[in-house]
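Residue-level structural notes
Below are the chains, spelled out letter by letter.
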Amino acid sequence: MKKSSVILSILLLIQSVSVSLFAQDGTRLIPRNAYEMREDITSFTVPEGIETIGGWAFAHCRNMKTIDFPQSLKTIDDYAFYGCNALESVVIPVGVTMIENNAFLYCEGLKSVVIPEGVSVIEFQMFRHCHDLTSVTIPKSVRKIMFGAFECCGKLESIVIPEGVVSIGSNCFGGCGSLKSIDIPSSVTEIADNAFFDCVSLKTVNMPDGELKEKVLTYLSKMAWLMKQPTNSCRT
């Protein structure tokens, strides 16, 4: 490793400790906007002891390829990694129970993500416009997948919704043009009308027979014209 790279890594480590503060409730955190638009950061290790990563903390760190989380982490706030285009893989540690809306919005190079057991809601637009996303691990603790959570994940080909999920929100998989198959468990009782809007390749829906399955299949049938005339709803 070059001397300059070693020095930069040491400086980033020192700074990561220096910007960590305590919230009023005593929680140790990386503050909101702490590293926003830092294009010099290519990798980052969040120090052990940090419990919360604040909103927009790493937003637009466009060259950051890796992020390592500590076992102490519990919460990732809104837009924390918004626009981190170079980020390729995210493994969120067990212990995290809250990932706020838009946390990984426009992480266009993100290929794989592991959501830990304990997270109960995949929030509003959490992985929207993660164009390169191909692998998602959803834990059995999840109960709701909210509006636009995986919208415009253009390379996602299949996904398994685990038993325990009860609702799939509007535009949840909208614009996932490569999505070919999805497994939906019997625990799901609500699927928004346009949850699969513009899913032009979706052919296989594995779920129990019943009214809900008929609703999904009828919707896909009515939208079949999209296969010939795609709306290209994910251009922006």
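Scroll up to find the structure this text is about.
Here we summarise the structure given alongside this text. Remember, it's a predicted structure, so these values are computed and weren't measured experimentally.

This next bit is on the overall build of the protein chain. Within the protein chain, the regular secondary structure consists of two helices and 17 strands. For the protein chain, restricting intrachain contacts to residue pairs at least 6 apart in sequence, the fraction spanning at least 24 positions comes to 27%.

Moving on, we come to the environment of Thr97. Relative to the elements of secondary structure, Thr97 occurs in the loop between strand S7 (89-91) and strand S8 (98-99). When the C-alpha positions of Thr97 and Ile76 are compared, they lie 8.8 Å apart, and in sequence the two are 21 residues distant. Beyond its immediate chain neighbours, meaning those up to four positions away, Thr97 contacts Lys74, Gly118, Val119 and Ser120.

Before going further, it helps to examine the environment of Val94. Tracing the backbone through its elements, the reader meets Val94 in the loop between S7 and S8. Classification of Val94 by relative accessible area gives exposed; the value is 60%. Residues Val94 and Ile115, spaced 21 residues apart in sequence, show a C-alpha to C-alpha distance of 8.4 Å. For Val94, the contacting residues outside a window of four places in its chain are Gln71, Pro116 and Glu117.

Taken together, the side chains of Phe124, Met146 and Phe147 define a hydrophobic patch exposed on the protein surface, amounting to about 230 Å² of accessible area. Residue position: Phe147 is located in the loop between strand S12 (144-145) and strand S13 (158-160).

In this structure, Phe58, Phe81, Phe104, Phe127, Phe150, Phe173 and Phe196 are the most contacted members of the largest nonpolar core, which totals 66 residues. Among the elements that take part in this core, helix H2 (residues 211-222) stands out by supplying four residues, more than any other.

Attention now goes to H2. With twelve residues, H2 extends 16 Å from end C-alpha to end C-alpha; this agrees with the ideal 16 Å at 1.5 Å per step. Inspection of H2 places Leu212, Lys213, Val216, Tyr219 and Leu220 among the buried residues, and these make up the whole buried set. Taken around the axis of H2, the buried residues stretch over an arc of 130°, which confines them to a single face. Of the residues in H2, the exposed ones pointing more than 90 degrees away from the buried face are Glu211, Ser221 and Lys222. Contacts made by the buried residues of H2 are with strand S16 (190-191) and strand S17 (204-206).

Attention now moves to the sheet that holds strand S15 (residues 181-183). In space, the three strands of this open sheet follow the order S13-S15-S17, with parallel pairing throughout. Unpaired on one side and paired on the other, S13 and S17 mark the two borders of the sheet. In this sheet, adjacent strand axes meet at a mean angle of 5° when their direction is disregarded. Where S15 lies against S17, three bridges are found, and the strand directions are parallel. Paired with Ile182 across the strands is Val205, a residue of S17.

Time to look at the sheet that holds strand S11 (residues 135-137). The strands that make up a sheet pair up through hydrogen bonds in the backbone, lying either parallel or antiparallel. Ordered in space as S7-S9-S11, the three strands form an open sheet in which the pairing is parallel. What marks the edges here is a single partner per strand, and that holds for S7 and S11. Ignoring which end each strand starts from, the neighbouring axes of this sheet average 5° apart.

Under the definition given, this model contains one disulfide. Between Cys152 and Cys234 runs a disulfide, and the two sulfur atoms are separated by 1.9 Å. Between Cys152 and Cys234, the S-S torsion sits near -85°, and that sign places the bridge as left-handed. With Cys152 in the loop between S12 and S13 and Cys234 in the segment after H2, this residue pair connects regions lying 82 residues apart in the sequence. Across this residue pair, the class does not change: Cys152 and Cys234 are buried. Here Cys130 is not cross-linked by a disulfide; its sulfur's nearest cysteine counterpart is in Cys107, at 5.1 Å. In this structure Cys199 is a free cysteine whose sulfur lies 5.3 Å from that of Cys176, the closest cysteine sulfur available.

Here we come to the packing of aromatic side chains. The tally for this structure, following the rule as stated, stands at 15 aromatic pairs. Both rings, one in Phe69 and one in Phe81, keep their centres 5.9 Å apart while their planes meet at 80°; by these two values the pair is edge-to-face. Of this pair, Phe69 sits in the loop between strand S5 (66-68) and strand S6 (75-76) while Phe81 sits in the loop between S6 and S7, and the two are twelve residues apart along the sequence. For Phe69, a relative accessible area of 12% puts it in the buried group. Through successive ring pairs, a cluster of aromatic residues spans Tyr35, Phe44, Phe58, Phe69, Phe81, Phe104, Phe127, Phe150, Phe173 and Phe196.

Calculation criteria
Residues numbered from 1 in each chain as written. Predicted model: local features only at pLDDT ≥ 70, side-chain atom pairs only at ≥ 80, totals over all residues. Heavy atoms only, no water. Helix = DSSP H or I, 4+ residues; strand = E, 2+ residues; numbered from the N terminus. Contact = heavy atoms within 4.5 Å. Buried < 20%, exposed > 50% of the residue type's maximum accessible area, 1.4 Å probe, protein only. Patch = residues over 30% accessible without salt bridge, like charges linked within 9 Å, V, L, I, M, F, W, Y side chains within 5 Å. Areas by Shrake-Rupley, 256 points an atom, 1.4 Å probe, with all protein chains shown as cover. Salt bridge = Lys/Arg side-chain N within 4 Å of Asp/Glu carboxyl O. Core = buried A, V, L, I, M, F, W, Y, C linked by side-chain atoms within 4.5 Å. Expected span 1.5 Å × (residues − 1). Arc of directions from axis to C-beta. Pairing = 2+ DSSP bridges. Axes fitted to C-alpha atoms, helices over the stretch in contact; angles between N-to-C directions. Disulfide = S-S within 2.5 Å. Phe/Tyr/Trp six-rings, centres within 6.5 Å; stacked < 30°, edge-to-face > 60°.

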